[in-house]
Amino acid sequence: MLMLLDDALDGIEDSDNDINQASGMVNIAPLDWFAPFDEDRARDTDRGFRHP
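Residues numbered from 1 in each chain as written. Predicted model: local features only at pLDDT ≥ 70, side-chain atom pairs only at ≥ 80, totals over all residues. Heavy atoms only, no water.

**Details of the overall build of the chain**
For the chain, the count of helices and strands is one helix and zero strands. Since a compact globule built from 52 residues should have a radius of gyration of about 10 Å, the 16 Å found for the chain marks it as more spread out than a globular shape. Principal-axis analysis of the C-alpha atoms gives the chain an extent of 45 × 25 × 15 Å. Looking at the chain residue by residue over its 52 residues, the buried ones come to 10%. Surface accessibility of the chain: about 5,100 Å² in total, with carbon and sulfur atoms responsible for 54%. Positive and negative charge centroids in the chain, built from 4 and 13 side chains respectively, lie 23 Å apart. (Helix = DSSP H or I, 4+ residues; strand = E, 2+ residues; numbered from the N terminus. Rg over C-alpha atoms; globule rule 2.2 N^0.38 Å. Buried < 20%, exposed > 50% of the residue type's maximum accessible area, 1.4 Å probe, protein only. Areas by Shrake-Rupley, 256 points an atom, 1.4 Å probe, with all protein chains shown as cover. Lys, Arg positive; Asp, Glu negative; His and termini not counted. Charge placed at Lys NZ, Arg CZ, Asp CG, Glu CD.)

Here it is in structure tokens:
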């Protein structure tokens, strides 16, 4: 995350950026914050939530 604050790495958050691709970064663009990383292993939405 510190790379996002480095002016020399401006644009590293873009998935088309060479450094982003070379380092294998996940897409950290705000529009993708709530997208599942691995949809095949996503939690069943009908499962519900446990309450203590």
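The discussion continues.
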